[in-house]
Amino acid sequence: MAFETMLNYLNALFSGFLDKAVIALIIVLVGFIVGRLVGRLLWKVLHEIELDTILNKAGFTMPLEHTISTLIAYLIYFIAIVMALNHLGLTAVALYIIVGGAVVLVIIATVLGIKDFIPNMIAGIFIYRKGLFKEGQTIIVKNVEGKVRRVSIVETELETKKGDLIYVPNSLLVKSTLMVRKK
């Protein structure tokens, strides 16, 4: 009798979950089909009104027809996934994971974006404070000789005798052997 009760409980548990899983899968499939159709339709509409051509004439060169239609399609995909997870009762957990992943990606992108900027900025401040060289002076660094045209917080612009412009990161100038020619 206890075995039969347990079997009925497991059967009810799995049949309820299986029903929810099938409905969630249908929600995802319909969402992906709708997202793809809406994305294509939106691209055709934006292409018909020649959004990219209009923006190119205004000086904006980014292809927005494709970008906007793709973003809308992905938004619909995301909504379908959230609806399916909500049907399964996993919405809060999934959203916490997605938001946490997005925050981690933003932090990683920020760190990678500024990893070269900070040492160059510190070196630029060091160059200004110590007065290592000034605009108009000729310097030699790593077998490259050039006249200093501009010193910014991140890089130094050198002009060679041939008229070429070389942009040298300030951190390289501070770390390398640097020779400054007197006028």
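Read on for an overview of the structure. These numbers come from a predicted model, not from an experiment. (Residues numbered from 1 in each chain as written. Predicted model: local features only at pLDDT ≥ 70, side-chain atom pairs only at ≥ 80, totals over all residues. Heavy atoms only, no water.)

**Regarding the pairing of strand S4 (residues 165-169)**
- Strand direction decides the pairing type here: strand S3 (residues 155-159) and S4, joined by five bridges, are antiparallel. Paired with Leu 158 across the strands is Ile 166, a residue of S4.
- Linkage of S3 to S4, two consecutive antiparallel strands, is achieved through a turn of five residues, within which Gly 163 is found at a positive phi near 95 degrees. (Pairing = 2+ DSSP bridges. Helix = DSSP H or I, 4+ residues; strand = E, 2+ residues; numbered from the N terminus.)

**Looking at the side chain of Ser 152**
- Here Ser 152 is to be found in the loop between strand S2 (144-151) and S3.
- With residues near it in sequence (within four places) discarded, Ser 152 still touches Tyr 128 and Asn 170. (Contact = heavy atoms within 4.5 Å.)

**Observations concerning the pairing of S2**
- By the bridge criterion, four bridges tie strand S1 (residues 138-141) to S2 in an arrangement that is antiparallel. When the bridges of S2 are listed, Thr 138 appears paired with Lys 147.
- Counted along the chain from S1 to the antiparallel partner S2, the turn is two residues long, and its residue Lys 142 has a positive phi close to 50 degrees.
- The pairing of S2 with S3 spans four bridges and is classified as antiparallel. Each residue of the ladder has a partner; that of Arg 150, found in S3, is Glu 157.
- Linking S2 to S3, which pair antiparallel, is a turn of three residues.

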